[in-house]
Amino acid sequence: MTHYQLLKTDSDTPIKAWTRGVQLDDSARRQLANVAQLPIIHKWVAAMPDVHWGIGATVGSVIPTRKAIIPAAVGVDIGCGMMAVRTSLTAGDLPDSLRAIRTLIERAVPHGRTHRGGKNDRGSWSRPPPQAEKAWMKLSPGYRRIIEGHPRLDRGRTYEQLGTLGTGNHFIEVCLDLEDRVWFMLHSGSRGVGNRIGMHFIKLAQKDMRQLLSNLPDKDLAYFEEGAEHFDDYIHAVDWAQRYARSNRDLMMEHLITALRQHAKLPQFTTKEMAVNCHHNYVQKEPHYGKEVYVTRKGAIRAGKGEMGIIPGSMGARSYIVRGKGSRESFESCSHGAGRVMSRNAAKRAFTVEDHAAATAGIECRKDK
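Residues numbered from 1 in each chain as written. Predicted model: local features only at pLDDT ≥ 70, side-chain atom pairs only at ≥ 80, totals over all residues. Heavy atoms only, no water.

1. With respect to the packing of aromatic side chains
Part 1 of the argument: Here the structure, examined in full by the defined rule, presents 14 aromatic pairs.
Part 2 of the argument: Between Phe 184 and Phe 269 the ring centres are 5.9 Å apart and the planes differ by 85°, which places this aromatic pair in the edge-to-face class. Pair noted here: Phe 184 is in strand β8 (residues 181-188) and Phe 269 is in the loop between α6 (231-260) and β10 (274-279), with a separation of 85 residues, a long-range link. With respect to burial, Phe 184 and Phe 269 carry one shared label: buried.
Part 3 of the argument: Residues Phe 201 and Tyr 234 carry aromatic rings whose centres are separated by 5.3 Å and whose planes lie at 55° to one another, so their mutual orientation is tilted. One end of the pair, Phe 201, is in helix α5 (residues 191-208); the other, Tyr 234, is in helix α6, and 33 residues separate them in sequence.
Part 4 of the argument: Here the aromatic cluster, defined as three or more aromatic residues joined through ring pairs, consists of Trp 136, Tyr 143, Tyr 159, Trp 240 and Tyr 244.
Part 5 of the argument: Here the guanidinium or amino end of Arg 261 rests over the ring plane of Phe 269, the centre of that ring lying 5.0 Å away.
Part 6 of the argument: In this arrangement the basic side chain of Arg 328 is found over the ring face of Tyr 289, its NZ or CZ atom lying 4.1 Å from the centre. (Phe/Tyr/Trp six-rings, centres within 6.5 Å; stacked < 30°, edge-to-face > 60°. Helix = DSSP H or I, 4+ residues; strand = E, 2+ residues; numbered from the N terminus. Buried < 20%, exposed > 50% of the residue type's maximum accessible area, 1.4 Å probe, protein only. Lys NZ or Arg CZ within 6 Å of the ring centre and 35° of its normal.)

2. A word on a positive patch on the surface
Part 1 of the argument: On the surface, Arg 152, Arg 155, Lys 203, Lys 207 and Arg 210 cluster together to form a positively charged patch.
Part 2 of the argument: Relative accessible area serves as the criterion here: at 47%, Arg 155 is assigned to the partly exposed category. (Patch = residues over 30% accessible without salt bridge, like charges linked within 9 Å, V, L, I, M, F, W, Y side chains within 5 Å. Areas by Shrake-Rupley, 256 points an atom, 1.4 Å probe, with all protein chains shown as cover. Salt bridge = Lys/Arg side-chain N within 4 Å of Asp/Glu carboxyl O. Lys, Arg positive; Asp, Glu negative; His and termini not counted. Charge placed at Lys NZ, Arg CZ, Asp CG, Glu CD.)

3. Describing the nonpolar core
Part 1 of the argument: Formed by 52 residues in total, the largest nonpolar core has its most connected members in Leu 38, Ile 70, Ile 197, Phe 201, Tyr 223 and Trp 240.
Part 2 of the argument: Counting residues per element, the ones that place at least two in this core are β2 (15-17), α1 (26-36), β3 (45-52), β5 (68-69), α2 (71-74), α4 (130-149), α5 and α6.
Part 3 of the argument: Here Phe 201 is in contact with Pro 71, His 150, Leu 153, Phe 224, His 230, Asp 233, Tyr 234 and Ala 237, once residues within four sequence places are set aside.
Part 4 of the argument: Counting residues in hydrophobic clusters, the runner-up holds 21 residues, among them Val 85, Leu 89, Met 252 and Phe 269. (Core = buried A, V, L, I, M, F, W, Y, C linked by side-chain atoms within 4.5 Å. Contact = heavy atoms within 4.5 Å.)

Quick look at the structure:
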């Protein structure tokens with residue numbers, strides 16, 4: 001018995017969907033079918049259990065492509081992903097009130113976005129700390145190469161956002177596992193610079209394919225082929241943004257650990273037990289079924305045999321530390337976490353602050369607008 005459903009499409013490329021017992025809405029199904037029509041797809045498209053409609057391509061999809069990449073499938077939060085660290089602390093080491101812990105974390109890591117992302121943006125450093133400076137020294141040569149070819153990208157906050165938390169569903173969390181051990185977990189990506197890179201190259205792909213754009217099922221599925229004018233530039237830029245995102249998570253975790261070691265009521269602790277850091281919006285070259293292909297995981301994590309990953313739950317729900325089984329048919333991938341059933345604006349209309357407070361009863365978090 002197979003673990004997936006085979007979805008029929010108008011093309012010869014199948015969709016293998018790990019969605020038994022899970023709702024698959026029509027908009028996501030149509031998006032998957034559109035991707036399957038592209039002539040660059042290798043073997044099939046894989047859909048994960050948390051699949052749902054997304055901008056450009058379906059969130060929760062794994063798209064293997066031959067000698068080509070679809071920038072909108074990679075998306076604009078390039079390198080977005082998770083990091084989790086298991087500590088030597090246990091539940092009994094935590095104080096009864098976690099408010100002071102939350103306050104320390106909020107002070108240690110700039111978060112959110114204000115002043116339209118300008119110099120007074122609370123989600124950026126006004127003066128980046130030494131750790132961010134050191135990380136930026138490694139990243140800056142790659143950034144200079146990007147902006148030399150695409151000077152319009154050199155705007156906004158870049159260096160100042162390294163080691164800071166994004167907006168939307170990005171989060172930092174202190175949680176317990178089934179053995180009451182304390183974990184630190186966070187979710188973030190490449191911040192504003194990743195968004196600028198993603199948007200820029202999505203438009204370039206559409207421009208480069210303008211004569212063929214009408215042949216695509218969706219203009220957002222415009223792609224760069226190897227040898228095309230902007231292919232190498234995009235490969236470099238997307239790889240750089242993925243490294244920025246990983247470094248961003250490493251720095252936030254470092255600042256979080258340093259801050260909590262200063263908490264008067266916490267005993268000294270170590271963080272060498274286990275650490276996992278994984279992307280879930282990214283592209284990389286991998287061998288699958290005898291071919292080197294570009295695998296885009298949009299809302300999916302790599303789950304090669306024995307590889308560790310993180311599948312976070314929605315706010316206040318359980319998250320999972322997982323070990324890959326190396327499933328060939330999913331292109332060694334699995335789901336990336338809770339999907340959304342409505343837009344942010346729809347959620348704001350549907351739920352009140354009181355609803356939020358009730359849903360997070362017993363959880364230390366902000367309970368305001």
